[in-house]
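One-letter residues, chain by chain:
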Amino acid sequence: MVFSELNTPKRTIMTPGPVEVDPRVLRAMSTPILGQFDPAFTKIMNEVMEMIRHVYQTNNYCSFPIDGTSRAGIEAVLCSIIEPRDRVLVPIYGRFGHLLVEVCERYGATVHTIEAKWGEVFDPKEVIEAIKQVSPQIVAIVHGETSTGQMQPLKEIGNTCREMDILLVVDAVASIGGVDIKTDEWNIDAIIGGTQKCLSVPSGLAPISYNHRIESKIQSRKKVERGIETEDDKKIVRAKPAIASNYFDLSMIQDYWGPRRLNHHTEATSMIYALREGLRIILEEGLEARFHRHKLHEAALVAGIQAMGLTLFGNVNHKLPTVTCVEIPPGVNGESVRRMLLEEFGIEIASSFGPLQGKIWRIGTMGYSCRKENILFLLGALEAVLIRHGILVNRGEALQAALDLYVAEEKRTIKIG
């Protein structure tokens, strides 16, 4: 059997992940392979760690990627700190809160939950009250919930957790690199990101960062596998049960990324090149400028959606800037609209999950996909597709509303300049 050369179609990806990969990242991925302990490569690893610290706005030494998707980072952190029967509080306001519960339960935690209606977030006081009632060892919470397009305020929750000596673990997969997250200032103990969203890198790594409080917990459970342990490793007396997972054991992965260079796994070399370039591009743009860019294009998209006559889903006061959720008009087959956008225009948007399946579209404005030309292209195409589906929209208004916003921004920029 003969297979043709790989030739993927060109797409404009406006989903909440994956997103379009920056061309500079793709070029970096074609860089020649180095051995994982080559000094040239370990220098790159050290640079990646330092860049993660800057992007995550933290001084944490332990800042490195986990090989695997975002879920791998979540599991690595949770499995490395959860001991059997630990009480974990998970506030749920969408699909990925339920994922945190799944992971915690599988590692033997006693999980307590509180739930908010999908499309809403928690008043921090609700979470704080639950924390005081449960007295958990760990609070695990999602910062940006892509299933609902909502963003949970964390500062007050972080302050309470620190005052009560509770570990705060945050899933920031959908927000890091696109939204201002102050890891240290908000008293976040461990934070997990993903490469395939605002970092504009292919899926496959989960950059994490954790502080000395988490590290102390991990070191109390340290076990080096038999095939690579030294005589000193054999003398380690664990104060706590060993971490259940080998692959996600942060005590060994930390030594792999640290000066010891423990041979825990074979690093995904090309993905490290990609992550380094993705992080470098963020720092080159500047965090403040990058956050402003995401808010600008979000505002243009929202203005266009509303001018078209469509309705946003969720609490607009707590909207996640990188994901815009739109209610599917009554009588419209949402999947038919998505299919026509893809087939006729090469644009991909997303549906949602659970109780929102078939009720909303989710549009991502993340990283490299978050560009003016993408916003205008999507608005024009969506209007055309809705008209073809017999939906009454305000013809021509969406693009004009977005353009008005962009013109106003240009004038503001010129005035400031």
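See the structure shown above.
Residues numbered from 1 in each chain as written. Predicted model: local features only at pLDDT ≥ 70, side-chain atom pairs only at ≥ 80, totals over all residues. Heavy atoms only, no water.

J.: Can you help me understand the pairing of strand β11 (residues 323–327) in this one?
T.: One face of the sheet, then the other: side chains in a regular strand alternate in exactly this way. With respect to burial, β11 is a largely interior element, 4 of its 5 residues being buried. Where β11 lies against strand β13 (residues 360–364), 5 bridges are found, and the strand directions are antiparallel. Along β13, the bridge assignment pairs Val323 with Gly364. (Buried < 20%, exposed > 50% of the residue type's maximum accessible area, 1.4 Å probe, protein only. Helix = DSSP H or I, 4+ residues; strand = E, 2+ residues; numbered from the N terminus. Pairing = 2+ DSSP bridges.)

J.: I tried to follow the packing of helix α13 (residues 372–388) against helix α14 (residues 397–416) on my own but got confused; where do I start?
T.: The axes of two packed helices give the description: the angle between them and the distance between them. In the contact formed by α13 and α14, the axes pass within 8 Å of each other and the chain directions differ by 160°. In terms of orientation, α13 and α14 fall into the roughly antiparallel class. For the crossing formed where α13 meets α14, the hand is right-handed. In this structure, α13 contributes Lys372, Ile375, Leu376, Leu379, Gly380 and Glu383 to the contact, and α14 contributes Glu397, Ala398, Leu399, Ala402, Leu403, Tyr406 and Glu410. Of the residues that constitute the contact of α13 with α14, the class distribution is 8 nonpolar, 1 polar and 4 charged. (Axes fitted to C-alpha atoms, helices over the stretch in contact; angles between N-to-C directions. Parallel < 35°, antiparallel > 145°, perpendicular 65-115°, else oblique. Left-handed = near helix turned anticlockwise from the far one by under 90°. Contact = heavy atoms within 4.5 Å. Nonpolar A, V, L, I, M, F, W, Y, C, P; charged D, E, K, R; others polar.)

J.: Hey, could you run me through the nonpolar core in this one?
T.: Nonpolar side chains in soluble globular proteins generally cluster together in the buried interior. Counting 88 residues, the largest nonpolar core has Phe64, Ile66, Leu78, Ile81, Ile82, Tyr210 and Leu250 as its most contacted members. The element contributing the most residues to this core is helix α2 (residues 39–56), with 9 residues. In terms of nonpolar packing, the next biggest core, distinct from the first, is built from 30 residues, Leu296, Ala300, Ile305 and Ala398 among them. (Core = buried A, V, L, I, M, F, W, Y, C linked by side-chain atoms within 4.5 Å.)

J.: Help me understand the packing of aromatic side chains, please; the structure alone is not making it clear to me.
T.: Any two aromatic rings considered together are summarised by their centre-to-centre distance and by the angle between their planes. Here the structure, examined in full by the defined rule, presents 8 aromatic pairs. Consider the rings of Phe64 and Tyr210, whose centres lie 5.9 Å apart with planes at 85°: the pair is edge-to-face. Linking Phe64 in strand β2 (residues 62–67) with Tyr210 in strand β10 (residues 205–210), this pair joins segments that are 146 residues apart in sequence. With respect to burial, Phe64 and Tyr210 carry one shared label: buried. Geometrically, the ring pair formed by Tyr247 and Phe248 is edge-to-face, given 5.1 Å between the ring centres and 75° between the ring planes. Joined through ring pairs, the aromatic side chains of Phe64, Tyr210 and Trp257 make up one cluster. When the ring centre of Phe353 is taken as reference, the NZ or CZ atom of Arg95 above it lies at 4.5 Å. (Phe/Tyr/Trp six-rings, centres within 6.5 Å; stacked < 30°, edge-to-face > 60°. Lys NZ or Arg CZ within 6 Å of the ring centre and 35° of its normal.)

J.: How should the packing of helix α12 (residues 334–345) against α13 be read in this particular structure?
T.: As a packed pair, α12 and α13 sit with axes 10 Å apart at the nearest point and diverge in direction by 120°. Taken together, the axes of α12 and α13 lie oblique to each other. At the point where α12 passes α13, the crossing takes the right-handed sense. In contact with Val337, Met340, Leu341 and Phe345 of α12, α13 contributes Phe377, Ala381, Leu382, Ala384, Val385, Leu386 and Arg388. Grouping the constituent residues of the contact of α12 with α13 by class yields 10 nonpolar, no polar and 1 charged.

J.: When you look at the pattern of salt bridges in this model, what are you seeing that I'm missing?
T.: A side chain with one charge can pair with a side chain of the opposite charge if their charged atoms come near. Inspection of the entire model under this criterion finds 28 salt bridges. Glu47 is the partner of Arg276 in a salt bridge, and the nearest nitrogen-oxygen pair spans 2.7 Å. Taken as a pair, Arg276 in helix α10 (residues 269–285) and Glu47 in helix α2 lie far apart in primary sequence, 229 residues in all. For the salt bridge of Glu277 with Arg280, the shortest nitrogen-to-oxygen distance reads 2.8 Å. With Glu277 and Arg280 both in helix α10 and 3 residues apart, the pair spans about one turn of that helix. Among the charged side chains, a salt-bridge network with shared partners connects Asp22, Arg24, Glu277, Arg280 and Glu284. (Salt bridge = Lys/Arg side-chain N within 4 Å of Asp/Glu carboxyl O.)

J.: Looking at this structure, how should I read the environment of Thr58?
T.: Tracing the backbone through its elements, the reader meets Thr58 in the loop between α2 and β2. What Thr58 contacts, discounting residues up to four positions off in sequence, is Arg53, Ser63, Thr183, Asp184 and Ser209.

J.: Hey, could you run me through the environment of Val169 in this one?
T.: Here Val169 lies in strand β8 (residues 167–171). Overall, Val169 belongs to the buried group, its relative accessible area being 3%. Separated by 21 residues in sequence, Val169 and Ala190 place their C-alpha atoms 4.8 Å apart. When sequence neighbours within four positions are dropped, the list of residues in contact with Val169 reads Val77, Leu78, Ile81, Ile138, Val139, Ala140, Ile141, Ala190 and Ile192.

J.: Looking at this structure, how should I read the pairing of β13?
T.: When you tally the buried positions in β13, you get 5 out of 5 residues, the bulk of the element. Here β13 shows no split at all, with Ile360, Arg362 and Gly364 on one side and Trp361 and Ile363 on the other all buried.

J.: Honestly, unusual backbone geometry in this entry has me stumped. Any pointers?
T.: Leaving glycine out, the prevailing phi sign among residues is negative, and the prevailing peptide bond configuration is trans. Going from Gly17 to Pro18, the amide bond is cis rather than trans, its omega being 0°. Unlike most non-glycine residues, Asn187 shows phi in positive territory, near 60°. Within the fold, Asn187 resides in the loop between β8 and β9 (190–192). Looking at Asn187, the relative accessible area reads 15%, which means it is buried. Positive phi values are uncommon outside glycine, yet Ser200 reaches one of about 55°. As for its position among the elements, Ser200 is in the loop between β9 and β10. Residue Ser200 is classed as buried on the basis of its relative accessible area of 3%.

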